[in-house]
Amino acid sequence: MKGYIEERAMEIARYIIDNNTTVRQAAKHFGISKSTVHKDVTERLVQINPSLAAETRKVLDVNKSERHIRGGMATKEKYLHQHV
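Worth saying up front: this structure is predicted, and the values here are computed from it rather than measured. (Residues numbered from 1 in each chain as written. Predicted model: local features only at pLDDT ≥ 70, side-chain atom pairs only at ≥ 80, totals over all residues. Heavy atoms only, no water.)

**Student:** With reference to specific residues and values, describe the overall build of the chain.
**Tutor:** Along the chain, the regular secondary structure elements total four helices and zero strands. Tracing the chain from N to C terminus, the helices and strands come up as α-α-α-α. For 84 residues, the compact-globule estimate of 2.2 N^0.38 gives 12 Å, and the chain exceeds it by more than 25% at 15 Å. Reported as C-alpha extents along the three principal axes, the dimensions of the chain are approximately 55 × 25 × 20 Å. When burial is assessed residue by residue, the chain has 27% of its 84 residues classed as buried. Put simply, of all contacts in the chain between residues at least 6 apart along the chain, 59% involve residues at least 24 apart. (Helix = DSSP H or I, 4+ residues; strand = E, 2+ residues; numbered from the N terminus. Rg over C-alpha atoms; globule rule 2.2 N^0.38 Å. Buried < 20%, exposed > 50% of the residue type's maximum accessible area, 1.4 Å probe, protein only. Contact = heavy atoms within 4.5 Å.)

What follows is the structure, encoded as structure tokens:
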């Protein structure tokens, strides 16, 4: 694996942990696709730094468990501001 990819994976992981962000937010911050972020932190990072990967996985698991709540709030917000 190329060095810059390893570095990017670790940088993304630190960003997710430090800021408690979602994959989508991290992708936007780094200007890359969600699938690249996901692959970096779930597959590549496990080979590079397993402890950092485990810490990142905890944040992503919490985000996944709360996803349905955020979606419901976004829908509610959308319809609150809609003028008929």
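**Student:** Which residues make up the packing of helix α1 (residues 3-19) against helix α4 (residues 50-80), and what values do they have?
**Tutor:** At a minimum axis distance of 9 Å, the contact between α1 and α4 shows a crossing angle of 45 degrees. Considered as vectors, α1 and α4 are oriented oblique to each other. Taken as a pair, α1 and α4 cross one another with a handedness that is left-handed. Contacts from M10, A13, R14, I16 and I17 of α1 reach α4 at L52, E55, T56, V59 and L60. (Axes fitted to C-alpha atoms, helices over the stretch in contact; angles between N-to-C directions. Parallel < 35°, antiparallel > 145°, perpendicular 65-115°, else oblique. Left-handed = near helix turned anticlockwise from the far one by under 90°.)

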